[in-house]
Amino acid sequence: MEQDKLQLLMKMFTRNTGEQVESMNMLPVSGSYREYVRFKGGGKSALGAYNSDKKENIAFVGFSEHFHAKGLNVPKIFENDAENNVYLLEDLGDTTLFDFLQRNRTEDEFSEALIEIYKKTIEELVLFQLKGTEGLDFELCYPRKAFDRQSMQWDLHYFKYYFLKLAQVPFDEQKLEEDFQCLMDFLLEAEHHYFLYRDFQSRNIMVKSGEPWFIDYQGGRKGALQYDLASLLYDGKADIPVDLREMLYNHYIQTLKKHKEVDEASFKNHFLGYVYIRIMQAMGAYGFRGFYEKKEHFLKSIPFALKNITYLLTNHPLPINIPELNTVLDALTHNEKLLRINALTVTINSFSYKRGIPYDMSGNGGGFVFDCRAIHNPGRYAAYQHVTGKDESVIKFFENEPEMEEFLGSVFPLISKSVEKYISRNFKHLMVNFGCTGGQHRSVYSAERMAKYIRENYPVTVKLRHIEQEIKKG
């Protein structure tokens, strides 16, 4: 961020909090081109944002002020300098719903806390769609006021040119265009006068004090209820199990029925149609960011999208005549180039040395084993004896421990080299183990951090296990 923008934001922080800036940290850049910095001072914090896109800023600030006035869970805008493209907003912390999901699931098992936060998210979504629409100035919308035929066409062409073309998937262009028109006709049969968040997925939802809060709705517009629900339940990397997805869908329907009448059969048909177009839009983004911009970590979402397409084609074919589109989607699920993207599985284990080093179930033998026992152990203190490296108190303990950061700072580059080499040689399995005395604090925290690092940087499958904790639960 340019120095003059930082200075403006620091002055905003002081004006709005009455405190001087004591520290500031640039936040990691995500899929957008916006820049964020966290300011802290006097026990208070806030986020400063810079975005050169004025129209996008107008949309975000305007939506935020409207939703905040409606009592919806969005960050408060403390101050906005439209001329200089900067604004100061409430700090909702660092835990996204995706982060919370990673900490609260094992394979296909979602914890009760995770299921509960998803239910709350769905309940808040209904309020956004209904209450949030009331009195909303859709003139704020950017780049378009509605998710109409034109918007749909943009998304479908995004999929066609940035995914199908770049992935070298053959198709009959005229027939595909005819099927696109048929799909759009079908989607526009659904009511479409509600606020549509547009990118309602786990990375755009924050978890603060056990409640969902919402960000990144600047692309919102008028549209159908089904689209955002499709975005949430078929969020690629969240990889929600089928049974749980169906339960959450039903929870949405029951919540919606408290506010309006619902034709369940019609709603479900159009919901599935919006699932299809949402997945295609997402794949266009993966193609643009991954194939075109060469940002490899976007490619790791492709296998999850292909998994969802396979499920949909088998279990929920659309009740319309779209033969070329169905052929193209089916071809994607058998495309060797795309399937190779996710060839490597990295298994990450935490364990107790009292039980020995984990066995490599892939049959390859070996793998990495890192001994965490030289790191300061929170287990020596009574306050930490009944929590693990996944719990917030232990996480904060290690965040203040230079030994842990130094240890992981040397481990991450070493594992990165192996992952990159394994991908280039099309290897299938890599195992990484972290051991400590009890398999409860240091090894669990290290394994969690490693899993997060690998997921965010490489297009691989990560299998995370906390072996000692599984044994205790069993």
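Reading guide: rules and limits
- Residues numbered from 1 in each chain as written.
- Predicted model: local features only at pLDDT ≥ 70, side-chain atom pairs only at ≥ 80, totals over all residues.
- Heavy atoms only, no water.
- Helix = DSSP H or I, 4+ residues; strand = E, 2+ residues; numbered from the N terminus.
- Rg over C-alpha atoms; globule rule 2.2 N^0.38 Å.
- Buried < 20%, exposed > 50% of the residue type's maximum accessible area, 1.4 Å probe, protein only.
- Contact = heavy atoms within 4.5 Å.
- Lys, Arg positive; Asp, Glu negative; His and termini not counted.
- Charge placed at Lys NZ, Arg CZ, Asp CG, Glu CD.
- Pairing = 2+ DSSP bridges.
- Axes fitted to C-alpha atoms, helices over the stretch in contact; angles between N-to-C directions.
- Salt bridge = Lys/Arg side-chain N within 4 Å of Asp/Glu carboxyl O.
- Core = buried A, V, L, I, M, F, W, Y, C linked by side-chain atoms within 4.5 Å.
- Polar contact = N/O pair within 3.5 Å; in protein donor to acceptor, adjacent residues only side chain to side chain.
- Parallel < 35°, antiparallel > 145°, perpendicular 65-115°, else oblique.
- Left-handed = near helix turned anticlockwise from the far one by under 90°.
- Nonpolar A, V, L, I, M, F, W, Y, C, P; charged D, E, K, R; others polar.
- Expected span 1.5 Å × (residues − 1).
- Arc of directions from axis to C-beta.

**Q** Explanation requested: the overall build of the protein chain in the structure shown.
**A** Secondary structure assignment for the protein chain yields 16 helices and 15 strands. Radius of gyration (C-alpha) of the protein chain: 23 Å, near the 23 Å computed for a compact globule of 474 residues. Taken over 474 residues, the protein chain has a buried fraction of 54%. Pairs at least 24 residues apart make up 74% of the contacts formed inside the protein chain by residues separated by at least 6 positions. Side chains of the protein chain give 59 positive and 65 negative charges; the mean places of these two sets differ by 4 Å.

**Q** So what exactly am I meant to see when it comes to the sheet that holds strand β13 (residues 368–371) here?
**A** Either a parallel or an antiparallel arrangement is found when strands of a sheet pair, and the pairing is made through backbone hydrogen bonds. What the 4 strands build is an open sheet, ordered β13-β14-β12-β15; its pairing is parallel. Looking along the sheet, the strands with just one partner apiece sit at the ends: β13 and β15 (461–466). Ignoring which end each strand starts from, the neighbouring axes of this sheet average 15° apart. As paired elements, strand β12 (residues 345–352) and β15 share 6 bridges and run parallel to each other. Opposite Thr347, over in β15, you have Lys463 as the bridge partner. This element, helix α14 (residues 402–424), spans β12, β13 and β14 (429–436) of the sheet and lies at about 180° to β13.

**Q** Before we go on, may I ask you to explain the pattern of salt bridges in this structure?
**A** Pairing between side chains of opposite charge can happen when the charged atoms of each approach one another. Applying the stated criterion to the full structure yields 26 salt bridges. Of the charged contacts in the structure, one is a salt bridge between Arg198 and Asp155, with a shortest N-O distance of 2.7 Å. With Arg198 in the loop between β8 (194–196) and β9 (205–208) and Asp155 in helix α5 (residues 149–164), this residue pair connects regions lying 43 residues apart in the sequence. Taking the relative accessible area as the measure of exposure, Asp155 reaches 5% and is therefore buried. Ionic pairing is found between Arg278 and Asp199, a salt bridge with its closest N-O pair at 2.6 Å. One end of the pair, Arg278, is in helix α9 (residues 264–292); the other, Asp199, is in the loop between β8 and β9, and 79 residues separate them in sequence. One continuous salt-bridge network, built from bridges that share partners, spans Arg34, Glu56 and Asp216.

**Q** Even after reading the chapter, I still don't get the environment of Ile309, so can you show me in this structure?
**A** As for its position among the elements, Ile309 is in helix α10 (residues 302–315). Taking the C-alpha atoms as reference points, Ile309 and Ala49, 260 residues apart in sequence, are found 36 Å from one another. The residues contacting Ile309, other than those within four sequence positions of it, are Ile279, Met283, Leu329, Leu332 and Thr333.

**Q** Quick question: what am I supposed to make of the nonpolar core here?
**A** One recurring pattern in soluble globular proteins: nonpolar side chains tend to sit buried together. With 101 residues, the main nonpolar core has Tyr118 and Leu332 as its most contacted residues. The biggest single contributor to this core is α9, with 13 residues. Look past the residues within four positions of Leu332 in its chain and what remains in contact with it is Phe159, Phe163, Leu164, Val169, Met283, Leu306, Ile309 and Leu338.

**Q** Is there a simple way to think about the environment of Gln440 in this case?
**A** As for its placement among the helices and strands, Gln440 is situated in the loop between β14 and α15 (442–457). Separated by 53 residues in the primary sequence, Gln440 and Val387 place their C-alpha atoms 7.8 Å from one another. Residues within four places of Gln440 in sequence aside, it is in contact with Tyr384, Gln385, His386, Val387, Thr388, Gly389, Gln469 and Lys472. Polar contacts involving the side chain of Gln440 include one to the main-chain carbonyl oxygen of Val387, which spans 2.7 Å.

**Q** Explain the pairing of strand β3 (residues 44–50) here, please?
**A** Consecutive side chains of a regular strand alternate in pointing toward one face of the sheet and then the other. Extensive coverage of β3 is indicated by the burial of 5 of its 7 residues. Bridging between strand β2 (residues 35–41) and β3 involves 7 bridges; their strand directions are antiparallel. When the sheet's bridge partners are listed, Phe39 is paired in β3 with Ala46. Linking β2 to β3, which pair antiparallel, is a turn of 2 residues; within it Gly42 sits at a positive phi near 60°. Note: β3 against strand β5 (residues 86–89), 4 bridges, orientation antiparallel.

**Q** What's the story with the packing of α14 against α15 in this structure? I'm lost.
**A** Two packed helices can be described by the angle between their axes and the distance between those axes. Contact geometry of α14 with α15 gives a least axis separation of 11 Å together with a crossing angle of 45°. Classified by the angle between their axes, α14 and α15 sit oblique to one another. As α14 packs across α15, the resulting crossing turns out to be right-handed. Across from Met404, Glu405, Phe407, Leu408, Val411, Phe412, Ile415, Ser416 and Val419 in α14, the residues of α15 making contact are Arg442, Tyr445, Ser446, Arg449, Met450, Tyr453 and Ile454. The residue inventory of the contact of α14 with α15, partitioned by class, reads 11 nonpolar, 2 polar and 3 charged.

**Q** Just checking my understanding: could you explain helix α1 (residues 3–17) for this structure?
**A** Side chains three or four residues apart in an α-helix point the same way, a direct result of the helix having 3.6 residues per turn. Under the 1.5 Å per step criterion, the end-to-end length of α1 is 21 Å for 15 residues, consistent within 8% with the ideal 21 Å. Within the sequence span of α1, burial applies to Lys5, Leu6, Leu9, Met12, Phe13 and Thr17. Buried residues of α1, seen end-on, are gathered within an arc of 120° and therefore sit on one face of the element. Residues of α1 that are exposed and point more than 90 degrees away from the buried face comprise Gln3, Lys11 and Arg15. As for α1, its buried residues are in contact with β1 (23–26), β2, β3, β4 (77–81) and β5. Just downstream of α1, Gly18 is the residue with a positive phi angle, here 75°.

On their own, these measurements won't tell you what the molecule is for.
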